[in-house]
Amino acid sequence: MAFQDQTEREKKLSFLVLMVKNSAKFRQLDDTIVEKELRRRFNHHPSLWKLVLHKDEKHLMRNDRVKKLVRGVRASLFPLFSLYYGKQAKKKYDFLKKLGRHLDEHDKALELHRELLNCHTSSRERVSFYEELYKDIFSLTGQPQSLLDLGSGLNPFSLPFMHLDNITYTASDFSQNECDFLQFYFDLVKDKYHVDGKTICLDLLDDKDVERLKQLPDVDVCFLFKVVDLLDRKRNKRSEKILLAVNARFVVASFSTKTISGESMDRPTRKGFLLMLQRLGYKYNIIEKQNELFYVIKKS
C-alpha cells in the first residue's frame, strides 16, 4: 500500500510539473527545478498537498487553489527563464560551437568569449571591466590556484580574463543542463587555458545542497556574484549558512547597485550583510565597479 501511495504522489507531482510547463515560456525549464519549487511550497502548505492527493487530474486543472499554485511557481521561476532560456541565452550554444572552431585564434577566441558572456544579464554587465575586476580581486587574495563559483551562470567564460595558470575551477549551477554546458566548455579549453574544470549541480536554497558544500575540497577563492540577494530575499540568513559552509580562504560576494528598472539604489551597500560579516568576525574590502559592488571577504 505504501508503494502505491508513493507512486500516486509521484504521479500527482509530475502532473503539476506539466501544468507549470504548459506555457511556451517555461517548457525548457528542467523538470527537477519545477519539482523543487513545488515541494518547497507544499512544505509550507501541507493542506494544499493533501488537496492535490485527493483530486483527480481533471479536477486539479479546474481547482482555484491549484491554479494559484501554478501561477505562483511560474512567477518564482520567471527570473530563471529570462536569464537562462531567453532569446539571447539560446545563442550561447552557437557561440560555443564557434569557439571550438576558433580556439587557436587568440583575438577571435576572446571575441567569442565576450559573446558568450553577453548571453547572461549579469556577466553582460561585467564584460567591459572583467579584466580589471580580476586584477583588483587577486591583488587582495593573491593569485588563486583553486576557485569555486557558486551560482556561476556564465561567469566561467570570463576565464581568459583572469590570466591564471594551472587553475582548478569548480562551477555550480541549479540546472543540470547548465552544468553540462559549462562542463563541455571546461573540457574544450582545458589545454589552452590550463584549467581543471568541474561542475556540480547545487540548489543553494536547498539545505541538503548547502550541507554538500562542507564536503567540497578547500579552495583559495569562492565567487558569489549577485547570488546573496536571491538567497536572502525572504530574510532566512541563507547566505550566512553558505558563508559558514564553504571551505574557502576568501569569498567574493557581489551586489547590484541598480534596481531592476535601472535606477540607482538608495542603499546599495546591503547594511544587513555588512552587519553579518561584522558579527562573524570576517574582515573585508570593497571593490566598486560600474553597477556592482564586490566584497572581498577574508575567512581565514
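Residues numbered from 1 in each chain as written. Predicted model: local features only at pLDDT ≥ 70, side-chain atom pairs only at ≥ 80, totals over all residues. Heavy atoms only, no water.

### Quick notes on the packing of aromatic side chains
Then comes step 1: Inspection of every chain in the model, using the stated rule, returns 15 aromatic pairs.
Then comes step 2: Aromatic pair Y93 and F181: ring centres 4.9 Å apart, planes at 65°, arrangement edge-to-face. Of the two residues, Y93 is situated in helix α7 (residues 92-101) and F181 in helix α11 (residues 176-189); the sequence distance between them amounts to 88 residues.
Then comes step 3: On the basis of relative accessibility, which here comes to 39%, the residue Y93 falls in the partly exposed class.
Then comes step 4: Taken together, a centroid distance of 5.8 Å and an interplanar angle of 55° make the contact between F157 and F181 tilted. Of this pair, F157 sits in the loop between β1 (146-149) and β2 (167-173) while F181 sits in helix α11, placing them 24 residues apart in sequence.
Then comes step 5: A relative accessible area of 5% places F181 in the buried class.
Then comes step 6: Grouped by ring-pair contacts, the aromatic residues Y93, F157, Y169, F181, Y185 and F186 constitute a single cluster.
Then comes step 7: When the ring centre of F181 is taken as reference, the NZ or CZ atom of K92 above it lies at 5.1 Å. (Phe/Tyr/Trp six-rings, centres within 6.5 Å; stacked < 30°, edge-to-face > 60°. Helix = DSSP H or I, 4+ residues; strand = E, 2+ residues; numbered from the N terminus. Buried < 20%, exposed > 50% of the residue type's maximum accessible area, 1.4 Å probe, protein only. Lys NZ or Arg CZ within 6 Å of the ring centre and 35° of its normal.)

### What about the pattern of salt bridges?
Then comes step 1: A full pass over the atoms with the stated rule returns 21 salt bridges.
Then comes step 2: Note that R40 is salt-bridged to E37, the shortest N-O span being 3.1 Å. With a gap of three residues between them, R40 and E37 both fall in helix α2 (residues 31-44), about one helical turn apart.
Then comes step 3: With relative accessibility at 23%, the residue R40 sits in the partly exposed group.
Then comes step 4: Note on E37: relative accessible area 9%, which makes it buried. (Salt bridge = Lys/Arg side-chain N within 4 Å of Asp/Glu carboxyl O.)

That's the geometry; what it means functionally is another story.
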